[in-house]
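Breakdown of the fold
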Amino acid sequence: MKAEPQRFIENVYPDYSDGMATYNEKELLVRVETQLQKALAELTEKCPPASQATYESTGKKSLDLTMYTGSFGNVFVQWRLYQLAKARQDQARMAEFLSTALVAFKVNAGLLEKHGKKHSHSSGEEDPSFFMGKSGLYTLGALLYREAGKAAEMLGCYKAVLSALALCKLPTAEDELLYGNAGYLYCLLALYKTDPGTFDCKAEIREVMGLLKAVGGAAGKGGILIFPFPRSKSTFYYGAAHGLFGILYVLMKAIEVTGAITDPDLLEMIKKTCEQIVKAQFPTGNFPPSFGEGSKDKLVHFCHGAPGAIPMLLQAHKMFGDEAFLTAALNAGEAVWNRGILLKGNGLCHGIAGNAYMLHALYAYTNDVRWKYRCHMFADASWNESVQKAVKVYKDPTRLTAGMPDTPYSLMEGLGGSVVFYADLLHDMPDMRFPGYEL
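Residues numbered from 1 in each chain as written. Predicted model: local features only at pLDDT ≥ 70, side-chain atom pairs only at ≥ 80, totals over all residues. Heavy atoms only, no water.

So, about the overall build of the chain. In terms of regular secondary structure, the chain is built from 17 helices and 2 strands. Over its C-alpha trace the chain gives a radius of gyration of 20 Å, about what one expects of a compact globule, namely 22 Å for 439 residues. Dimensions of the chain, computed from the C-alpha atoms along their principal axes, are close to 55 × 50 × 40 Å. Put simply, the chain has 439 residues, and 59% of those count as buried. Residue pairs at least 24 apart in sequence account for 69% of intrachain contacts in the chain once pairs closer than 6 positions are excluded. Summed over its atoms, the accessible surface of the chain is roughly 17400 Å², and 52% of this surface lies on carbon and sulfur atoms. Side-chain charges in the chain split into 45 positive and 46 negative, and the spacing between the mean points of these groups amounts to 3 Å. (Helix = DSSP H or I, 4+ residues; strand = E, 2+ residues; numbered from the N terminus. Rg over C-alpha atoms; globule rule 2.2 N^0.38 Å. Buried < 20%, exposed > 50% of the residue type's maximum accessible area, 1.4 Å probe, protein only. Contact = heavy atoms within 4.5 Å. Areas by Shrake-Rupley, 256 points an atom, 1.4 Å probe, with all protein chains shown as cover. Lys, Arg positive; Asp, Glu negative; His and termini not counted. Charge placed at Lys NZ, Arg CZ, Asp CG, Glu CD.)

Time to look at unusual backbone geometry. Residue proline 230 follows phenylalanine 229 across a cis peptide bond; omega there is -10°. With respect to the helices, strands and loops of the structure, proline 230 is situated in the loop between α9 (202-219) and α10 (244-258). Phi is positive for glutamine 89, which is not a glycine, with a value near 55°. Examined against the element boundaries, glutamine 89 turns out to sit in the loop between α3 (72-87) and α4 (91-115). On the basis of relative accessible area, glutamine 89 is assigned to the exposed category, the value being 65%. At asparagine 367, a residue that is not glycine, the phi angle is positive and equals roughly 60°.

Attention now goes to helix α6 (residues 151-163). Its 13 residues give α6 an end-to-end C-alpha distance of 18 Å, which sits within 8% of 18 Å, the value for a rise of 1.5 Å per residue. Turning to α6, its buried residues number three or more, namely Met154, Cys157, Tyr158, Ala160 and Val161. Down the axis of α6, the sector holding all buried residues measures 155°, keeping them to one side. Exposed side of α6, more than 90 degrees from the buried face: Ala152 and Lys159 are the residues found there. (Expected span 1.5 Å × (residues − 1). Arc of directions from axis to C-beta.)

On to helix α16 (residues 385-392), then. An α-helical turn contains 3.6 residues, so a residue and the one three or four places further along point in the same direction. Buried within α16 are the following residues: Val387, Gln388 and Val391. In an axial view of α16, the angular spread of the buried residues amounts to 90°, which keeps them on one side of the axis. Exposed residues pointing more than 90 degrees away from the buried face of α16 are listed as Glu385, Ser386, Lys389 and Lys392. Those residues of α16 that are buried lie in contact with α14 (352-366) and α15 (369-381).

Judged by nonpolar contacts, the single largest core of 153 residues is most densely connected at Leu185, Phe302, Met312 and Tyr437. Here this core gets 11 residues from one element, more than from any other, and that element is α10. (Core = buried A, V, L, I, M, F, W, Y, C linked by side-chain atoms within 4.5 Å.)

This part takes up the packing of α9 against α10. In the contact formed by α9 and α10, the axes pass within 11 Å of each other and the chain directions differ by 145°. Between α9 and α10 lies a crossing of left-handed hand. In contact with Lys202, Ile205, Met209 and Leu212 of α9, α10 contributes Ile247, Leu251, Ala254, Ile255 and Thr258. In terms of residue class, the contact of α9 with α10 is made up of 7 nonpolar, 1 polar and 1 charged. (Axes fitted to C-alpha atoms, helices over the stretch in contact; angles between N-to-C directions. Left-handed = near helix turned anticlockwise from the far one by under 90°. Nonpolar A, V, L, I, M, F, W, Y, C, P; charged D, E, K, R; others polar.)

This model, assessed by the stated rule, comprises 27 aromatic pairs. Relative to phenylalanine 229, the ring of tyrosine 179 has its centre 6.1 Å away and its plane inclined at 15°; by these criteria the two rings are stacked. Here phenylalanine 229 lies in the loop between α9 and α10 and tyrosine 179 lies in the loop between α7 (165-168) and α8 (181-194), a separation of 50 residues in the sequence. The exposure class assigned to phenylalanine 229 is buried, which follows from its relative accessible area of 10%. A centroid spacing of 6.2 Å and a plane angle of 45° characterise the contact between tryptophan 383 and tyrosine 422, whose relative ring orientation is tilted. Of this pair, tryptophan 383 sits in the loop between α15 and α16 while tyrosine 422 sits in helix α17 (residues 415-426); the two residues are 39 residues apart in sequence, bridging distant segments of the chain. Taking the relative accessible area as the measure of exposure, tryptophan 383 reaches 13% and is therefore buried. For tyrosine 422, a relative accessible area of 3% corresponds to the buried category. Positioned above the aromatic ring of tryptophan 371, the side-chain terminus of arginine 374 is 4.6 Å from the ring centre. (Phe/Tyr/Trp six-rings, centres within 6.5 Å; stacked < 30°, edge-to-face > 60°. Lys NZ or Arg CZ within 6 Å of the ring centre and 35° of its normal.)

This is how it looks when you write it as structure tokens:
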């Protein structure tokens, strides 16, 4: 049997108790500021915020109307920079980033109007999700126009988000976070949580929850939820992007954010499913990519593996109070700390920055500074010379160019994600949340 390739760089950072002699949080955040300005300058030069093209590692340009790897991500980057400026009460930078974000939004809205939205993994229909559908762009538009005080434009974007509910009901719809209904539920929750008076979409939230319950309950047995992806196949994933972790997390957040438990059966199904997930955890703290792959302890990414499980397990502990969920989350954190400095580089979906967010999630929940320290060490790894040298020579057979993500300036794979990560580190850290997932 051919040996699995090494996917991570051995973590040589001293752990919290041993690293304190050399760790200075203020100095590290100064470095983060430097890296933010450096990354932002490169991103602005190579992929301007209002760019209509997505730049690939081969030098090719393409039209990609998604948040994940496409031009919608440019809007998100400016939105996060605006939030940082707002936290710092920097009025000049607030005005700059808000203006730039709105210009980028209008460019992308114009592209949608001109070209339509037919991006899907299989069906050819539109996707309703934050990452892959127009709902992500219009969710940002509603939030941006709210900040700008432009009510008519804000409500126009909000209505565009609500109109995507029809996509969730199509027979070609999916359920997971990346393409499907869970990703649409994230959009609704992001708006409702921000301003429930203006974005009063509680009825739509409950409708999507019902759709997810119907599919997951039908596929599962014994009162648990499982979701095939795609629906036409019989593959059942665990990971946050395509599987249970992402779906269960947004379902639990929906119950929390709306403040009412209207379906006790769904609540019990979620709890039983979380209990089954804990049983699938490897002794290392990691999880298999999908059902029936109990021996495949290999992927430690947001999309597959322990990182994406952490917010879900913490939310389960918060909701149900079972210490087994917290223990599982902490064990998953150990897997991320030990194996999360990835040779794929600094990306959010499958990279060092994305895994750092999950270490931070443990800090935010437990208030244990060990996890903040570990998050900061992953930040250091994102510019560490020896780590980045190993990243640049890593030959990933799934990539177009060795040592580079296929979309090197995008939000979820590339430099856009690094800018967001550094900005979040400099923001009020308890509010730092993984884009498109944590709420």
